[in-house]
Amino acid sequence: MYPYWSEYLQGVSETKRKRAPPMPAAVSSRPKWMYYYYSICLLRRNSIEHMNPHVDAFLNHVIRVVENDFDPAAFIKKAYEFVEKNEFVFKCSDAKLYEHQKEIFPVCKSNPAVPKLILYIAPTGTGKTLTPIGLSEHYRVIFVCAARHVGLALAKACISAKKRVAFAFGCGSVDNIRLHYYAAKDVVRDRRTGGIRKVDNSVGDNVEIMISDIKSYRHAMYYMNAFNPLNKLLLYWDEPTITMDYAEHEFHELIKDNWAENIVPNVVLSSATLPHAAEMAPTIMDFQARFSGAQVHSIVSHDCQKTISLVSKDGYVQLPHLMFERYEDMRASAVHCRANKTLLRYFDLREGVKFITHVNEGQLWTSARYAVERHFSDISDINMTNIKAYYLELLENVQADQWPGIWTHFQTQRTRMHTSNVNFSAQDAHTLTCGPTLFLANDVEKIARFALQIAQIPECVMDDLMEIIEHNNVIKDEMEKLEREMEDAMEEGVKTNDDDKDKVKDNKNNKKVDAMRFSPEVRCMQEKIDELRQQVKWGALNDMFVPNRAEHLKRWAPHLSEEAIAAANPFTSQVEPEDVERIMVLPIENIWKVLLMMGIGVMTEQSNSNKTYTEIMKNLAQNQRLYLIIASTDYIYGTNYQFCHGYLGKDLSDISQEKIIQALGRIGRNKLQQEYSIRFRDDAHLLKIF
């Protein structure tokens, strides 16, 4: 029963009042009630159609009865459980745009005849890549991205939204641009089925969104201008800062030429690490010089509905008040974070709340106006973003003479989040929860070999696996030799007419079907290839060596009970036998094959040179079936995959602050209320952030 039901029954029959439960003890002694009160207040602000008037009246009554007992300080002390992990608020909240999207759409829509340069800065994973779909309601959009994968992800969303799209990837001229069927105007249809057989790609009247890579932008620009006036075009440049952390890169000339030759008067530069307007003065002046009367808008967002904890090499969660012993250094860090509020999502809420509580209980601020009760005057003000912003405000306004005591207090009270921060395929595996992990390093092969080493797979097991792999390598060599001989025989046996030439041209994609059309010798070769394929063996590791399988957890985390394991939700791989079988016959190093059995994928120059292996890895990553991906930092621009944890290798000595933030942005995308962490192998990288 609800605690105050008896008061609500005032005015009804005596019988009903007698059945009501007694009033509870003082509510302030039971802080859990504030969790439900907070949830009700926020849910009441949602858009709810056809609200039951009796339920509405009852909720209003409950709110009136307890609102004076609400204590912001006591509530914020429990913010991790009451706010960040509040399943009611997040699961039942209205589906709505991000704040930066609410801001950019009116800006683009206003004054359509006036050129605009929009600096669009928002955290990764907050919908920036999908914003062009909304902008296409008023403009024909040219979306430019450095990674083909990002463009294809947008294309899928556009097609689902019935937007007409075209593609300019690797174009040498406008003739290489291709239209999706939705965007086609002139087509040749099959007379029997009515389906499209051929598209005239030179007619782009219907194209609403052109998706282009950096190399093809100028061709895409002139193509779109041929069918639309310039003031109706908008260039949406995704991650324009890519490669800018290199002294020299092949993209530099392309980016320079694209900017110099651009004729589109409306430009959106979108990136989580885009410099602010004051730091881009030469670029802005150049744009305004070329487009008379151009307006410049800065849209800076720090939407923050999750915490992604930053963990030092020693296993401690890090925040500014835990990193800087000198008061001046702490203040400088706080000012930096205030200027770059996208960093708020990397503030651990639990540690931040401990600081807020300590400062308020000791009244260690410079003025009482910074007290928590004054800062959160209304319950609707209490959310993760505002709590973290208040933490920053306290950092800047804590008493200087009290700082040594504060520093000493937190250093003596600290506890490790993880006892170890490197054994990711052994005793640390159970801490990698909820989803896949990404390990970024320069020397990818070194990390991959280390992962195999710390797994401590017995020599006898490795010998058995190597025997299977070597057996498959021999079969692979024989199959490749037969395939080459079969192709030569097919080329020699064909006639010179066009139909046979086309068959030979297509046979690489469908060898078995085409082989049946040729001589008995060719058919015999195909049969031998099929026989060899049947002899391929696929190896399987015992679950003891596959991270976070039941047997692996018993070996490396015997201290955890079944209930603790279920609550933590350690993540494991789901690599199917057919995936292993396909990898087994690829011309890649044996170590990559063993790692795949462990659920670990590797992205190196060598592995990327094998397109089949790369596609298998991307597919497994897309479907969250890999436990861990080890890759170089260049990988971060080519994926929007969901990772729950990340490692930054200590060999990334030359990595810039911007690239670190981009790397952090791969973690914690899309989902809420899960455990996220970034684990640093070198604390110098943490200093670059803060």
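Each chain carries its own residue numbering, running from 1 in the written order of its sequence. Only residues with pLDDT of at least 70 are given local features in this predicted model, and only at 80 or more are side-chain atom pairs given and counted; all residues enter the totals for whole chains, interfaces and linings. Excluded from the side-chain calculations are hydrogens and water; all other atoms, namely the structure's heavy atoms, are used.

## Brief notes about the overall build of the chain
When its secondary structure is counted, the chain shows 32 helices and 16 strands. Each residue gets one of three labels from its accessible area relative to the maximum for its type: buried under 20%, exposed over 50%, partly exposed in between, using a 1.4 Å probe on protein chains only. By the burial criterion, 49% of the 690 residues in the chain qualify as buried. What makes two residues a contact is simply this: any of their non-hydrogen atoms within 4.5 Å. In the chain, of all internal contacts separated by at least 6 residues, the share reaching a separation of at least 24 is 77%. For the chain, the computed accessible surface area is about 33100 Å², with 49% contributed by carbon and sulfur atoms. Secondary structure follows DSSP: runs of H or I at least 4 residues long count as helices, runs of E at least 2 residues long count as strands, and numbering of each begins at the N terminus. Computed with a 1.4 Å probe, the accessible areas rest on the Shrake-Rupley method; for each residue, only the protein chains presented here act as cover.

## Digging into the environment of Gly-352
Note that Gly-352 resides in helix H16 (residues 349-361). Classification of Gly-352 by relative accessible area gives buried; the value is 7%. Separated by 30 residues in the primary sequence, Gly-352 and Leu-322 place their C-alpha atoms 9.9 Å from one another. Other than its neighbours up to four places away in sequence, Gly-352 contacts Leu-319 and Tyr-391.

## Concerning the confidence of the model for the chain
Per-residue confidence for the chain gives a mean pLDDT of 84, with 89% of residues at or over 70. pLDDT expresses how confident the predictor is about each individual residue, on a scale running from 0 to 100. Ignoring residues within four places in sequence, the model shows residues 1-29, a span with pLDDT below 50, making 33 contacts including any to other chains. Taken together, the stretch residues 495-513 has pLDDT below 50 and engages in 19 contacts with residues farther than four places along the chain or on a different chain.

## What to know about a negative patch on the surface
Two distance rules govern patches: like charges are joined within 9 Å, and nonpolar side chains (Val, Leu, Ile, Met, Phe, Trp, Tyr) within 5 Å, applied only to residues with over 30% relative accessible area and no salt bridge. By definition, a salt bridge exists where a carboxyl oxygen of Asp or Glu is found within 4 Å of a side-chain nitrogen of Lys or Arg. Under this rule, positive means Lys or Arg and negative means Asp or Glu; His and the chain ends count for nothing. By convention, charge coordinates are those of NZ in Lys, CZ in Arg, CG in Asp, or CD in Glu. On the surface, a cluster of negative charge is made up of Glu-459, Asp-463, Asp-464 and Glu-467. On the secondary structure map, Asp-464 appears in helix H21 (residues 459-493).

## Quick word on the packing of aromatic side chains
In this scheme Phe, Tyr and Trp rings, the latter by its six-membered ring, pair at centre separations within 6.5 Å, and the angle between planes marks the pair as stacked below 30 degrees, edge-to-face above 60, and tilted otherwise. By the definition in use, this model includes 23 aromatic pairs. Note on Phe-424 and Tyr-647: the rings are 5.7 Å apart at their centroids and 55° apart in plane angle, and the pair reads as tilted. Remark: Tyr-647 occurs in strand S15 (residues 645-648) and Phe-424 occurs in the loop between helix H19 (403-413) and strand S12 (437-440); sequence separation between them is 223 residues. Each member of the pair, Phe-424 as well as Tyr-647, carries the same accessibility label: buried. Ring centres 5.1 Å apart and planes at 10° place the aromatic pair Phe-439 and Tyr-647 in the stacked group. Taken together, the residues Phe-439 in strand S12 and Tyr-647 in strand S15 connect sequence positions 208 residues apart.

## Description of the pairing of strand S14 (residues 628-631)
A two-sided burial pattern is seen for S14, the buried positions comprising Leu-628 and Ile-630 on one face and Ile-629 and Ala-631 on the other. Any two strands with at least two DSSP bridges between them are considered paired. When S12 meets S14, the two strands line up parallel, connected through 4 bridges. By the bridge assignment for S14, Leu-438 is matched with Ile-629. Note: strand S13 (residues 600-603) against S14, 4 bridges, orientation parallel.

## Concerning the packing of helix H20 (residues 444-454) against helix H28 (residues 590-597)
The contact between H20 and H28 brings their axes to 10 Å, and the two run at 55°. On the basis of their axis angle, the class for H20 and H28 is oblique. In this structure, the crossing between H20 and H28 has a hand that is left-handed. Here H20 contributes Glu-445, Ala-448, Arg-449, Ala-451 and Leu-452 to the contact with H28, which in turn contributes Ile-591, Trp-592, Val-594 and Leu-595. The nonpolar class holds Ala, Val, Leu, Ile, Met, Phe, Trp, Tyr, Cys and Pro. Asp, Glu, Lys and Arg form the charged class, and all remaining residues, Gly among them, are polar. Residue composition of the contact of H20 with H28, grouped by class: 7 nonpolar, no polar and 2 charged. Every angle, taken between N-to-C directions, lies between 0 and 180 degrees, and every axis is a line fitted to C-alpha atoms, over only the stretch in contact when it is a helix. Under this scheme an angle from 65 to 115 degrees is roughly perpendicular, one under 35 degrees roughly parallel, and one over 145 degrees roughly antiparallel; angles in between are oblique. Crossing handedness is read from the near helix: turned anticlockwise from the far helix by less than a right angle, it gives a left-handed crossing, and turned clockwise, a right-handed one.

## Some details on the sheet that holds strand S10 (residues 295-300)
A sheet is described by the order of its strands in space; here 8 strands give the open sequence S4-S3-S7-S2-S8-S9-S1-S10, paired in mixed fashion. One side of each edge strand has no neighbouring strand; the edge strands of this open sheet are strand S4 (178-179) and S10. Looking at chain direction, strand S3 (residues 165-168) and S4 are connected through 2 bridges and run antiparallel. Bridge pairing links Phe-167 to Arg-178 in S4. In the packing of helix H11 (residues 217-225) onto the sheet, contacts are made with strand S2 (140-145), S3, S4, strand S7 (209-213) and strand S8 (233-238), and the angle to S2 comes to roughly 175°.

## Focus: the side chain of Glu-239
On the secondary structure map, Glu-239 appears in the loop between S8 and helix H12 (250-261). Buried Glu-239, no salt bridge; nearest opposite-charge side chain is Arg-666, N-O distance 4.9 Å. Apart from residues lying up to four places away in sequence, Glu-239 is in contact with Ser-270, Ser-271, Ala-272 and Gln-662.

## Thoughts on the pairing of S3
On S3, burial covers both faces: Val-165 and Phe-167 on one face and Ala-166 and Ala-168 on the other are all buried. Examined bridge by bridge, S3 and S7 share 4 bridges and lie parallel to one another. Across the sheet, the residue bridging to Val-165 is Ile-209, located in S7.

## Some remarks on the side chain of Asn-201
One can find Asn-201 in the loop between strand S6 (196-199) and S7. Not counting chain neighbours up to four residues away, the residues in contact with Asn-201 comprise Ile-177, Arg-178, Leu-179 and Tyr-223.

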